[in-house]
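# A closer look at the structure
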Amino acid sequence: MFIYLEPQRRKIPCGSELTLLAALQRQPNFAPPSLCGGEGSCGKCKIQILAGQVSELTEPERQLLTADELATGTRLACQTFPLESLTIRLVDGNSVSAEYKTSLAMELDQVAVEPVSQKKYLRLSPPAINDQTADLERIYQALKEHQLAAEDIAPRLLPDLPRLVRKADWQLTATLRRRCLVDLEAGDTAGEHYGVAFDLGTTTVAAYLVDLATGRLLGQDARTNPQVTFGEDLMSRIDRAHQGELVELQQAAVACLNELLARLLADHGIPARYVQEATAVGNTCMQSLLLGIDPYYAGVAPFTPALQVVPELPAAWLGLQIAPEGRMHLPPVIAGFVGSDAVADLLALDFDRPQPPHLLLDLGTNAEMALSVEGRMLACSAAAGPAFEGARISCGMRAAPGAIDRAVFAQNSLQCHTIDEQPARGIAGTGLISVAAALKRAGLLNRRGGLRRGELPTGLLAPDDRGIVLVPAERTAGGEPLVLTWKDLGEELVIARAAIRSGIEILLAEAGLSVDELARISIAGAFGSFLDIDDALAIGLLPPIPAERISGVGNAAGLGAIKILLAAGQRERARRLAEQTSHVELSGYPRFNRIFARHMTF
């Protein structure tokens, strides 16, 4: 039995015991998103049955799909079992392979270039009757003349060594990593020395191709993490991994890294064998899944990760398609969910250097925060991300064409803008904040996140009274009005806001600081790059300080990962940052519930 996926023309095996979602997840580049982890509660994994028989409608489908959708054969992949071979297509906007890519400004001018591996072109003296030095020792001697010491060689190189040096006419390039000879190539390829840095986010994965000889950033690419098909929030993935799908989650992550790298290499005409170094940063859960480690115990009290410091790994062991002797380096995590991406953030923003009180917020799916004050560093994480990434928001979606990204209330109506000015498909996290801010400025939003219904202008209230109409049916991609429900505003957004503000307040309390003493707030990550600061201040997502003290800093974790890739000394610096940062566990903080409740109002 097979699923035929159109228009991609993919043939995917499927058994009658598997839901369509489970079968599609075996091809992660083509699976629809599943914000709820396949539980039938989010309604996002829509597919259309073009041919073939499937199981009967379920109650969740009757509740989540419209009459028009049901009439055209739309089903939820997580609720549907095949009865025979099928032809299906993903509903518009649900393909993980169609990504909205964002370039993030990066400053690399001041980054030291001292990579762990080095390449050197050598001209060897051929052997003679009066010079019978062995081939390998001849290479070692030539390296020594260039102040490079080699004491070992990768066993892979030994069988072909005599033939290689002679075929190259004794002119070759040696690649050295910590006194070990890891590659030999005929001719001069010393300038072909590359590395790749990955930012393995819960929702988005970014890759950066770097010239290790010059320190120049050659290219960058990004795509949605294919693990979103297993659930968009961390806890869903932890549950799925613990219940037996750890291998599939790891394979999805590795396949994603290889896909991004392959695209970058193809764009620049670079063979994979010239990529000697890789580094990856991510939160504790993402790092565990990449390594094939069950993250379950990091997700339940007392939130203990399997390891803090990861040994340098052979890339081939991980399945990363770079040079045969290439290595993958993962910086240490701090504690709890505060992972190596936070360490990379701190490194990029020089948190270990003297500076006035500085608060860092990385508002991704797993919101991480850090505070630097008088040489002391504190960090925590807050479960705030799902709402901002589209999870648990009725019409939520990731930042992609057609997503509402900002709104204003003018001329007695709510006016929404979409990414690329496409017909509206849903609302992104920045749009959710902007809508709430617009409503609050208009005096229509009360302190609990509810709306003053008696004051709403005509057309804003949904006919079925389930929320407000963001965009009428005639201006949406699906021909149905986009509605933001009372639950979206009054629960999901309020909870996310309260989690972030609680984390900030507790960090400040631990440091003995008041809000007014903050000299700077840096907002990292793709979400922070497009967040309107005035909107965030209007709804109290950020503490009340002058807007000029607040700025987006782009993908600081990506910049930190590149620094770690480029210089061996930055790896030691990252290790010290992780050791010197004090972790504050919010769930165990004595007054957390009281603080959280206080921030449950706008």
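The preceding data block contains the structure.
For clarity, every value in this text was computed on a predicted model and none was experimentally measured.

### Quick word on unusual backbone geometry
Note: most residues except glycine have negative phi, and most peptide bonds are trans. Backbone geometry at Asp 350 places phi at a positive 55°, although glycine is not the residue there. A relative accessible area of 30% means that Asp 350 is categorised as partly exposed. The backbone of Asn 412 sits at a positive phi, close to 60°, despite the residue not being glycine.

### Section: the environment of Ala 382
Checked against the element boundaries, Ala 382 lands in strand E18 (residues 376–382). The exposure class of Ala 382 is buried, given its relative accessible area of 4%. Along the sequence, Ala 382 and Glu 421 sit 39 residues apart, while their C-alpha atoms lie 33 Å from each other. Not counting residues up to four positions away in its chain, the partners in contact with Ala 382 are Asn 366, Ala 367, Met 369, Ala 499 and Leu 586.

### A few points about the pattern of salt bridges
Under the definition given, this model contains 31 salt bridges. For Asp 135, the salt bridge is made with Arg 166, and the minimal N-O distance between the two is 2.7 Å. Of this pair, Asp 135 sits in helix H4 (residues 135–145) while Arg 166 sits in helix H5 (residues 161–167), and the two are 31 residues apart along the sequence. A relative accessible area of 13% means that Asp 135 is categorised as buried.

### Observations regarding the sheet that holds strand E19 (residues 403–410)
Backbone-to-backbone hydrogen bonds join strands into a sheet, with any given pair of strands oriented parallel or antiparallel. Taken in spatial order, the 3 strands line up as E20-E19-E21 in an open sheet, and their pairing is mixed. Two strands lie at the open edges of the sheet, namely strand E20 (413–418) and strand E21 (426–427), each paired on one side alone. As paired elements, E19 and E20 share 6 bridges and run antiparallel to each other. Opposite Val 408, over in E20, you have Gln 415 as the bridge partner. Across the sheet, helix H12 (residues 429–441) touches E19, E20 and E21, and the angle it forms with E19 is around 10°.

### Concerning the sheet that holds strand E7 (residues 152–153)
One open sheet accounts for 4 strands, arranged E6-E8-E9-E7; its pairing is mixed. Pairing within the sheet leaves two strands with one partner each, and these edge strands are strand E6 (117–123) and E7. The pairing of strand E8 (residues 171–177) with strand E9 (residues 180–186) spans 6 bridges and is antiparallel. Counterpart to Arg 177 in the pairing with E9 is Cys 180.

### What to know about the nonpolar core
Within the largest apolar cluster, 71 residues are counted, with the highest numbers of intra-cluster contacts made by Ile 468, Leu 470 and Leu 484. Element by element, the count of residues in this core is highest for helix H13 (residues 486–511), at 13 residues. Here Leu 470 is in contact with Cys 395, Ile 404, Leu 414, Cys 416, Ile 427, Val 435, Leu 482 and Leu 484, once residues within four sequence places are set aside. Ranked by size, the runner-up nonpolar core spans 41 residues in total, among them Val 196, Leu 234, Val 310 and Ala 315.

### Quick look at the pairing of strand E11 (residues 204–211)
Walk down a regular strand and you will see the side chains alternate between the two sheet faces. By the criterion of burial, E11 is predominantly enclosed, with 7 of the 8 residues buried. For strand E10 (residues 194–200) and E11, the ladder comprises 7 bridges, and the chain directions are antiparallel. Paired with Tyr 194 across the strands is Asp 211, a residue of E11. The hairpin formed by E10 and E11 contains 3 residues between the paired strands. Pairing between E11 and strand E12 (residues 217–224): 7 bridges, direction antiparallel. Paired with Val 205 across the bridge in E12 is Arg 223. Hairpin geometry of E11 and E12 is characterised by an intervening segment of 5 residues between the two adjacent antiparallel strands and by a positive phi of about 80° at Gly 215.

### Overview of the side chain of Asp 345
Tracing the chain through its elements places Asp 345 in helix H10 (residues 340–348). Despite its burial, Asp 345 pairs with no opposite charge; the closest candidate is Arg 520, at 11 Å N-O. Dropping the residues within four chain positions of it, Asp 345 is found in contact with Leu 360, Asp 362, Ala 524, Ala 556 and Ala 557.

### Some points on the side chain of Glu 492
As for its position among the elements, Glu 492 is in helix H13. The buried category is assigned to Glu 492, whose relative accessible area is 9%. A polar contact of 2.6 Å, which involves the side chain of Glu 492, links it to the side chain of Lys 487.

Calculation rules
- Residues numbered from 1 in each chain as written.
- Predicted model: local features only at pLDDT ≥ 70, side-chain atom pairs only at ≥ 80, totals over all residues.
- Heavy atoms only, no water.
- Buried < 20%, exposed > 50% of the residue type's maximum accessible area, 1.4 Å probe, protein only.
- Helix = DSSP H or I, 4+ residues; strand = E, 2+ residues; numbered from the N terminus.
- Contact = heavy atoms within 4.5 Å.
- Salt bridge = Lys/Arg side-chain N within 4 Å of Asp/Glu carboxyl O.
- Pairing = 2+ DSSP bridges.
- Axes fitted to C-alpha atoms, helices over the stretch in contact; angles between N-to-C directions.
- Core = buried A, V, L, I, M, F, W, Y, C linked by side-chain atoms within 4.5 Å.
- Lys, Arg positive; Asp, Glu negative; His and termini not counted.
- Polar contact = N/O pair within 3.5 Å; in protein donor to acceptor, adjacent residues only side chain to side chain.

These values are about where atoms sit, not about what they do.
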